[in-house]
Amino acid sequence: MKIIRTKNYEQMSRKAANIISAQIILKPNSVLGLATGSSPLGAYAQLIEWYKKGDLDFSAVQTVNLDEYIGLTPDQEQSYHRFMYDNLFSQINIDQRNTYIPNACAADLSAECKRYDHLIKSLGGIDLQLLGLGANGHIGFNEPDEIFKKGTHVVHLSLSTREANQRFFSGIEAVPDRAITMGIFDIIQADRVVMVASGANKAEAVRDAFFGPITPKVPASILQFHKDFTLVADDEALSLVGEYI
Ligand code: F6R
């Protein structure tokens, strides 16, 4: 595990964008695993800026997103389809047909989960997976559990996750209580994993995930096993582990 320490969110975003852009430059047809939420937004903005300057070409890139809320249609503002379109895909030269997000409107959700796992395999797996970190240690929407769930699955979102995400909705009651998420094995099979974590509200999760035991009760802790995992985190997110790094 590598840790890149930054002063703040802006620096964290730039470092993460540097890693992602190096990946695209070295392998223009990379398969990128992407996340939504506040953590990767700055990195996406930086990638867009470099694309607009002519430094990056997304025309051969393929993307698979981690998750989607069940109960929201792709055009709804809070859906992760919309998030990705608004904050990245619509502003770069990616072929929209090469962007994949779980279809949480599928009539048969368990068939959709299987389809998504097959899709990731058929793309040849993920070259670089970008992750945020839930305050409860979740990655994707793999919530604290008794076991590590392997493949893409339907998950009941914990109250703490719904509370954390209510800032994107009119209130907690509007936050869906289920989602489809890639599983832990989908994530750790990626060749490289990069996580961005910023702010004091992530400090406990960073400590528990990367300086404590590997346990499904802290899903991100599995990343300690990964052969090429980089945590890009700012001073606040690292505030409880500063003496160890
Ligand atoms: C989003 C996702 C989640 C978020 C996590 C952190 O696609 O999979 O695991 O990365 O909830 O969210 P933020 O970045 O909003 O704090």
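Residues numbered from 1 in each chain as written. Predicted model: local features only at pLDDT ≥ 70, side-chain atom pairs only at ≥ 80, totals over all residues. Heavy atoms only, no water.

**Observations regarding the packing of aromatic side chains**
One pass over the full model with this rule turns up 6 aromatic pairs. The interplanar angle of 45 degrees and the centroid separation of 4.8 Å between the aromatic rings of Y69 and Y80 together place this pair among those described as tilted. A residue pair is termed long-range when its members are at least 10 positions apart, and Y69 in strand 4 (residues 67-69) and Y80 in helix 3 (residues 80-87) qualify at 11 residues. Comparing Y69 with Y80 shows no difference in burial state: the two are buried. An angle of 40 degrees between the planes, with centres 5.7 Å apart, marks the rings of Y69 and F141 as tilted. Residue Y69 is located in strand 4, and its partner F141 is located in the loop between strand 6 (128-131) and strand 7 (153-156); the two are separated by 72 residues in the primary sequence. This pair shows no difference in class: Y69 is buried, exactly as F141 is. (Phe/Tyr/Trp six-rings, centres within 6.5 Å; stacked < 30°, edge-to-face > 60°. Helix = DSSP H or I, 4+ residues; strand = E, 2+ residues; numbered from the N terminus. Buried < 20%, exposed > 50% of the residue type's maximum accessible area, 1.4 Å probe, protein only.)

**Topic: the site of the ligand**
In the vicinity of the ligand there are 14 residues, among which S39, D67, H138, G140 and K202 approach most closely. Between the ligand and R167, the relevant distance is 2.7 Å, taken from an oxygen atom to a side-chain nitrogen or oxygen of the residue. Starting from 410 Å² of accessible surface for the ligand in isolation, the protein chains cover 94%. (Near = heavy atom within 4 Å. Polar contact = N/O pair within 3.5 Å; in protein donor to acceptor, adjacent residues only side chain to side chain. Areas by Shrake-Rupley, 256 points an atom, 1.4 Å probe, with all protein chains shown as cover.)

Interpretation note: all reported values are geometric properties and have no functional meaning in isolation.
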